[in-house]
Amino acid sequence: MMVRAGEHCVALKYVHKFGQAAAFPPAQLVRASLQGDLSVRTAAMLLKYVPLFELSDAFPREAILERAAASGILVHELAGGKLVLKGRRRSDSASLPPGAAVPVKVGSAPN
């Protein structure tokens, strides 16, 4: 049902949780998840579940991070190798080119 709805990463999560890799091949779900622009949620789930399914040779972490950056997701690496993914606000993303800084108003709060 999730696969038909296009929720491949969510399906990947439940395939892992319930041990259904034989019925729903994880590599096929990952490949489908990489189609089009990635959301922050999709990128985060891919970064989590690709190593758990031992698919890092076919889908290297660096390639997923490049796809995330190409989709407008900012990736920050913390100490210890943890990652923080941040997407732009939807209203800002329509008017800014990819990779552009989001303007921030500095000053006191409005009255």
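Before reading further, recall that the structure is shown in the block above.
Residues numbered from 1 in each chain as written. Predicted model: local features only at pLDDT ≥ 70, side-chain atom pairs only at ≥ 80, totals over all residues. Heavy atoms only, no water.

Undergrad: Even after reading the chapter, I still don't get the packing of aromatic side chains, so can you show me in this structure?
TA: Note on aromatic pairs: each is described by the distance of the centres and the angle between the planes. As enumerated under the stated definition, the model contains one aromatic pair in all. Here the aromatic rings of Tyr14 and Phe18 are separated by 6.1 Å at their centres, their planes lie at 15°, and the arrangement is stacked. Linking Tyr14 with Phe18, this pair stays in helix H1 (residues 8-18), spanning four residues, or about one helical turn. On the accessibility criterion, Tyr14 (31% relative accessible area) is partly exposed. (Phe/Tyr/Trp six-rings, centres within 6.5 Å; stacked < 30°, edge-to-face > 60°. Helix = DSSP H or I, 4+ residues; strand = E, 2+ residues; numbered from the N terminus. Buried < 20%, exposed > 50% of the residue type's maximum accessible area, 1.4 Å probe, protein only.)

Undergrad: Looking at this model, I keep getting lost on the environment of Arg67. Mind explaining?
TA: Looking at the element boundaries, Arg67 is found in helix H4 (residues 61-70). Arg67 gets classed as partly exposed once you look at its relative accessible area, which sits at 27%. Between the alpha carbons of Arg67 and Ala43 there is a distance of 8.4 Å; along the sequence they are 24 residues apart. Not counting residues up to four positions away in its chain, the partners in contact with Arg67 are Leu34, Gly36, Asp37 and Leu38. (Contact = heavy atoms within 4.5 Å.)

Undergrad: What exactly am I supposed to notice about the pairing of strand S1 (residues 74-77) here?
TA: The side chains of a regular strand alternate between both faces of the sheet. Pairing of S1 with strand S2 (residues 83-86), which is carried by four bridges, proceeds in the antiparallel orientation. Residue Glu77 lies in a different strand from S2, and its bridge partner there is Leu83. The hairpin turn running from S1 into S2, its antiparallel successor, is five residues long, and Gly80 in that turn takes a positive phi close to 90°. (Pairing = 2+ DSSP bridges.)

None of this, on its own, says anything about what the molecule does.
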